[in-house]
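The chain contents come next:
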Amino acid sequence: MDGNAPEPQYWEKLRLVAEVLRAVEGPIYIATHVDPDGDAIGSSLGLYRALKALGKDARWVADPPRFLRFLPKEEEYSDPVERLPMGATLVVLDSAEPSRVVGVPVEGFVINLDHHGTNPRFGHLAVVDPSKAATAEMVKDLIDLLGVAWTEEMATPVFTGILTDTGNFRFANTTPEVLRKAAELLGYGVKLAEITDRLQYRTPHYFKALGGVLSTLRFHFGGLLVTAHLPEDLEVPEEDSDGFVGVIRYAEGALVAVYLRRREEGVKVSIRSRGGVSAQNIAVRLGGGGHVPAAGATLKGVDLEQAYERVLEAVAEELRRAGYL
Ligand SMILES: [Mn+2]
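Now for a description of the structure that goes with this document. What you are looking at is a predicted structure, and each value in this text was computed from that prediction instead of being measured. (Residues numbered from 1 in each chain as written. Predicted model: local features only at pLDDT ≥ 70, side-chain atom pairs only at ≥ 80, totals over all residues. Heavy atoms only, no water.)

### Some words on a nonpolar patch on the surface
Step number 1: Residues Leu-214, Leu-217, Phe-219 and Val-247 make up a contiguous nonpolar surface patch of about 320 Å² in total accessible area.
Step number 2: Here Leu-217 shows up in the loop between α7 (204-214) and β7 (218-220).
Step number 3: The partly exposed category is assigned to Leu-217, whose relative accessible area is 34%. (Patch = residues over 30% accessible without salt bridge, like charges linked within 9 Å, V, L, I, M, F, W, Y side chains within 5 Å. Areas by Shrake-Rupley, 256 points an atom, 1.4 Å probe, with all protein chains shown as cover. Salt bridge = Lys/Arg side-chain N within 4 Å of Asp/Glu carboxyl O. Helix = DSSP H or I, 4+ residues; strand = E, 2+ residues; numbered from the N terminus. Buried < 20%, exposed > 50% of the residue type's maximum accessible area, 1.4 Å probe, protein only.)

### Some thoughts on the pairing of strand β6 (residues 125-128)
Step number 1: Burial along β6 is two-sided: the face carrying Leu-125 and Val-127 and the face carrying Ala-126 and Val-128 are both buried.
Step number 2: In terms of strand pairing, strand β5 (residues 109-114) meets β6 through 4 bridges, oriented parallel. Within β6, the residue paired with Asn-112 across the bridge is Ala-126. (Pairing = 2+ DSSP bridges.)

### Observations concerning the packing of helix α3 (residues 135-146) against helix α5 (residues 176-186)
Step number 1: The interhelical angle for the contact between α3 and α5, taken along N-to-C directions, is 60°, at an axis separation of 11 Å. Classed by the angle they form, the pair α3 and α5 counts as oblique. Pair α3 / α5 crosses with left-handed handedness. Facing Glu-137, Lys-140, Asp-141 and Asp-144 of α3, the residues of α5 in contact are Glu-177, Val-178, Lys-181, Glu-184 and Leu-185.
Step number 2: When grouped by side-chain class, the residues that make up the contact of α3 with α5 number 2 nonpolar, no polar and 7 charged. (Axes fitted to C-alpha atoms, helices over the stretch in contact; angles between N-to-C directions. Parallel < 35°, antiparallel > 145°, perpendicular 65-115°, else oblique. Left-handed = near helix turned anticlockwise from the far one by under 90°. Contact = heavy atoms within 4.5 Å. Nonpolar A, V, L, I, M, F, W, Y, C, P; charged D, E, K, R; others polar.)

### Things to note about the coordination of the manganese ion
Step number 1: Here the manganese ion is held by the protein donor atoms Asp-39 (OD), Asp-94 (OD), His-115 (NE2) and Asp-165 (OD), which lie 2.2 to 2.3 Å from it.
Step number 2: Positions of the donor residues of the manganese ion along the chain correspond to the pattern D-x54-D-x20-H-x49-D. Of this pair, His-115 sits in the loop between β5 and β6 while Asp-165 sits in helix α4 (residues 152-165), and the two are 50 residues apart along the sequence.
Step number 3: In this structure Asp-165 comes out as buried when scored by relative accessible area, which is 16%. (Donors = N, O, S within 2.8 Å, 3.2 Å for Na, K, Ca; no water.)

### Digging into the packing of α4 against helix α6 (residues 192-199)
Step number 1: As a packed pair, α4 and α6 sit with axes 11 Å apart at the nearest point and diverge in direction by 60°. As judged from the angle between their axes, α4 and α6 are oblique. Relative to α6, the crossing made by α4 is right-handed. Contact with α4, carried on its side by Thr-156, Phe-159, Thr-160, Leu-163 and Thr-164, involves Leu-192, Ile-195, Thr-196 and Leu-199 of α6 and no other residues of that element.
Step number 2: Counted by class, the contact of α4 with α6 contains 5 nonpolar, 4 polar and no charged residues.

### Remarks on the pattern of salt bridges
Step number 1: Under the criterion given, the structure shown has 17 salt bridges.
Step number 2: Of the charged contacts, one joins Glu-76 and Arg-49 as a salt bridge, the two residues approaching to 2.7 Å between their closest N and O atoms. Residue Glu-76 is found in the loop between β2 (58-61) and β3 (77-78), and its partner Arg-49 is found in helix α2 (residues 38-53); the two are separated by 27 residues along the sequence. For the pair Glu-76 and Arg-49, a shared accessibility class is recorded, and that class is buried.
Step number 3: Here Glu-107 ties to Arg-83 by a salt bridge, and the two come within 2.5 Å at their closest N and O atoms. Taken together, the positions of Glu-107 in the loop between β4 (89-93) and β5 and Arg-83 in the loop between β3 and β4 put the pair 24 residues apart, joining distant regions of the chain.
Step number 4: Owing to a relative accessible area of 18%, Glu-107 belongs among the buried residues under this scheme.

### A few points about the sheet that holds strand β10 (residues 266-273)
Step number 1: With mixed pairing, 6 strands are arranged side by side in an open sheet as β7-β8-β9-β10-β12-β11. The two strands at the open ends of the sheet, each matched to only one other strand, are β7 and β11 (289-290).
Step number 2: Of the pairings in the sheet, the one linking strand β9 (residues 256-263) to β10 comprises 8 bridges and is antiparallel in character. Paired with Ala-257 across the two strands is Arg-272, which belongs to β10.

### Let's talk about the nonpolar core
Step number 1: Core analysis: the largest hydrophobic core is formed by 50 residues, its most contacted members being Leu-21, Leu-47, Val-91, Leu-113 and Leu-142.
Step number 2: It is α3 that provides the largest number of residues to this core, a total of 7 residues.
Step number 3: Residue contacts for Val-91: discarding those within four places in its chain leaves Leu-21, Ile-28, Tyr-29, Ile-30, Ala-31, Leu-47, Ile-111 and Leu-113.
Step number 4: Counting residues in hydrophobic clusters, the runner-up holds 25 residues, among them Leu-260, Val-267, Ala-295 and Ala-314. (Core = buried A, V, L, I, M, F, W, Y, C linked by side-chain atoms within 4.5 Å.)

### Topic: the side chain of Asp-114
Step number 1: Relative to the helices and strands, Asp-114 is located in strand β5.
Step number 2: Buried Asp-114, no salt bridge; nearest opposite-charge side chain is Arg-121, N-O distance 7.3 Å.
Step number 3: At a separation of 2.9 Å, a polar atom in the side chain of Asp-114 contacts the side chain of Asn-119.
Step number 4: If sequence neighbours within four positions are ignored, Asp-114 has contacts with Asp-94, Ser-95, Ala-96, Asn-119, Val-127, Val-128, Asp-129, Thr-135 and Met-138. (Lys, Arg positive; Asp, Glu negative; His and termini not counted. Polar contact = N/O pair within 3.5 Å; in protein donor to acceptor, adjacent residues only side chain to side chain.)

Here is the structure:
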């Protein structure tokens, strides 16, 4: 099976999700993946607000990172729960696998909405469409199907999810359809300039860490691969660390960028690629997953040096497959 093919029954399945959600009388839990990004927070908050507007007993379990905390009100997100009540419905968004879901156990009637091709289609109702730029794009369609009247409060997080997963409409996933949806959302009062500005805010600590990361920059395979890592003496929150790969990926001539940092569970790697080279293939070889241009993995039980070795091996294999080596 081609993990990246569009979902042929997208609208049928999404319509079924809308019907189920409209019919639910009990609590509907909404959750997303660990280390949530703009799409994770945006898609789940947008759906939460739409379900609330429908009068549903919706609960959004999340811990928004600092740079996204301007989106929700504090009373909108709730703390992790150990068990879901009997008969609960759980909607998980943007989570490539059940183990990535954070804050709730994956139980009850599970609806899985995602755009990661590597998603194993877990849950009772899975709508996984890798042709979609963002899970928020799917939530845009779902809210339309729910028949809720759009408001700025609903449109803003959904728009933010699309904005961040398309790299501010710069990535190849920015299709005419994506721009049409984004334009429609702008029409509901989304403040584009304000949001793009807010999303770039970082702490002074972040900029110091960036200096440390850039001091580790190295080129491999004649410049086809650029790598950098977080120096061992530097600590930054994962949400800050996430963005560093987005800086080094612009090294001219590099087809692959890999950023590594030590975490409790091992070494986490973020991978970006272009020019027919698949970050997803590299990530899968390292035991992770993601999209073709952007993917990641966590290498368990290795130190930084061993992680570099494995990364170089996996990248070499992919560069060979793509005909560059
Ligand atoms: Mn996403």
